[in-house]
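Chains, contacts and geometry: an overview
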Amino acid sequence: MKTTLETVLQAQSFYFIGIRGVGMTALALILKSMGKNVEGSDIHTQQATPMHDMMDKHHISVLEVFDPDVITSDIDVLVVATSFSQEANPQLQRARQLGILIVTFGDIVAKLFDNADHSIAVSGTHGKTTTSALFAHCLYALKRPAGYFVGGFTPELDNGGYT
């Protein structure tokens with residue numbers, strides 16, 4: 001069965017271009033917790049970040065080059081960060097050649113919210129990450145069955161997202 005945006009959460013293999021972005025890391029970890037195969041690529045950085053640590057902790061392979069040869073027909077979905085969505089990205093070009101479904105961070109997050117019975121979003125200019133993390137932590141501490149997605153590093157929540 002060909003993966004479409006409607007069936008994207010049923011896919012098994014996800015590749016992320018720009019995987020170490022804060023939101024992309026949380027999304028990758030959510031998909032990994034759902035039993036999906038997740039790997040990706042990002043730019044090389046001199047200094048490790050919490051996102052590096054999260055990828056290592058959860059055994060998600062990250063390449064620091066954009067090698068098109070790692071994009072194979074075994075990948076069901078390619079998730080691309082908007083900062084890497086230019087036509088010049090060789091992995092993106094390869095995914096197009098192979099007919100792999102290409103989606104954005106927002107596409108997948110929207111599908112996760114579509115599957116929820118109730119959703120709460122936090123918006124504004126300042127304090128969104130803190131407010132979202134505090135809210136998720138309270139629900140977790142109260143043992144309330146709730147998924148969450150926090151677009152920031154929150155050590156108390158371990159991974160920034162849970163479904």
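This text follows the structure it describes.
Quick look at the structure, then.

1. Quick notes on the overall build of the protein
The helix and strand inventory of the protein stands at 5 helices and 7 strands. Reading the protein from its N terminus to its C terminus gives the helix and strand order β-α-β-α-β-β-α-β-α-α-β-β. Taking 2.2 N^0.38 as the reference for a compact globule, 163 residues should give roughly 15 Å; the C-alpha atoms of the protein span a radius of gyration of 16 Å, in line with that estimate. Along the three orthogonal principal directions, the C-alpha set of the protein runs to about 45 × 40 × 30 Å. Carbon and sulfur atoms make up 55% of the accessible area of the protein, which totals about 9300 Å². Put simply, the protein has 11 plus and 16 minus side-chain charges, and the middle of one group is 6 Å from the middle of the other.

2. Some remarks on the side chain of Asn89
By secondary structure assignment, the location of Asn89 is in the loop between strand 4 (77-80) and helix 3 (90-98). The exposure class of Asn89 is buried, given its relative accessible area of 7%. The residues touching Asn89, leaving out its near neighbours within four places in the chain, are Ile17, Phe66 and Phe84.

3. Digging into the sheet that holds strand 2 (residues 37-41)
Neighbouring strands of a sheet are bound in pairs by backbone hydrogen bonds; such pairs are parallel or else antiparallel. Strand order in the open sheet formed by 5 strands is 3-2-1-4-5, with parallel pairing between adjacent strands. Pairing within the sheet leaves two strands with one partner each, and these edge strands are strand 3 (61-63) and strand 5 (101-104). The sheet shows a mean angle of 25 degrees between the axes of neighbouring strands, direction not considered. Sheet topology places strand 1 (residues 13-17) next to strand 2; 5 bridges connect them, and they run parallel. Its bridge partner lying in strand 2, Ser13 is registered against Asn37. Across the face of the sheet, helix 1 (residues 22-33) comes into contact with strand 1, strand 2 and strand 4 while running at roughly 170 degrees to strand 1.

4. Overview of the side chain of Gln91
Here Gln91 lies in helix 3. A relative accessible area of 0% places Gln91 in the buried class. A polar contact is formed between the side chain of Gln91 and the side chain of Tyr15, at a distance of 2.8 Å. Those residues in contact with Gln91, other than ones at most four positions away along the chain, are Tyr15, Ile17, Ser41, Val65, Phe66, Asp67, Pro68, Val70, Ile71 and Leu78.

5. Some words on the pattern of salt bridges
Applying the stated rule across the entire model yields 3 salt bridges. Of the charged contacts, one joins Lys111 and Glu6 as a salt bridge, the two residues approaching to 3.3 Å between their closest N and O atoms. Separated by 105 residues along the polypeptide, Lys111 in helix 4 (residues 105-114) and Glu6 in the segment before strand 1 bring together distant segments of the chain. On the basis of relative accessible area, Glu6 is assigned to the exposed category, the value being 63%.

6. Let's talk about helix 5 (residues 128-141)
The end-to-end C-alpha distance of helix 5 is 20 Å, a good match for the 20 Å that 14 residues give at a rise of 1.5 Å each. By the burial criterion, the buried members of helix 5 are Ser132, Ala133 and Ala136. Along the axis of helix 5, the buried residues cluster in a sector spanning 95 degrees; they form a single face. The exposed residues of helix 5 that point more than 90 degrees off its buried face are Thr130, Leu134 and Ala141. Residues of helix 5 that are buried make contact with strand 6 (148-149). Among the residues trailing helix 5, Lys143 stands out with phi positive, at a value near 60 degrees.

7. Describing helix 4
All of the buried residues along helix 4 are Ile108, Val109, Lys111 and Leu112. For helix 4, the angular spread of the buried residues around the axis is 155 degrees, confining them to a single face. Contacts from the buried residues of helix 4 go to strand 1, helix 1, strand 4, strand 5 and strand 6.

Rules of the game
Residues numbered from 1 in each chain as written. Predicted model: local features only at pLDDT ≥ 70, side-chain atom pairs only at ≥ 80, totals over all residues. Heavy atoms only, no water. Helix = DSSP H or I, 4+ residues; strand = E, 2+ residues; numbered from the N terminus. Rg over C-alpha atoms; globule rule 2.2 N^0.38 Å. Areas by Shrake-Rupley, 256 points an atom, 1.4 Å probe, with all protein chains shown as cover. Lys, Arg positive; Asp, Glu negative; His and termini not counted. Charge placed at Lys NZ, Arg CZ, Asp CG, Glu CD. Buried < 20%, exposed > 50% of the residue type's maximum accessible area, 1.4 Å probe, protein only. Contact = heavy atoms within 4.5 Å. Pairing = 2+ DSSP bridges. Axes fitted to C-alpha atoms, helices over the stretch in contact; angles between N-to-C directions. Polar contact = N/O pair within 3.5 Å; in protein donor to acceptor, adjacent residues only side chain to side chain. Salt bridge = Lys/Arg side-chain N within 4 Å of Asp/Glu carboxyl O. Expected span 1.5 Å × (residues − 1). Arc of directions from axis to C-beta.

Shape descriptors only; they carry no functional weight alone.
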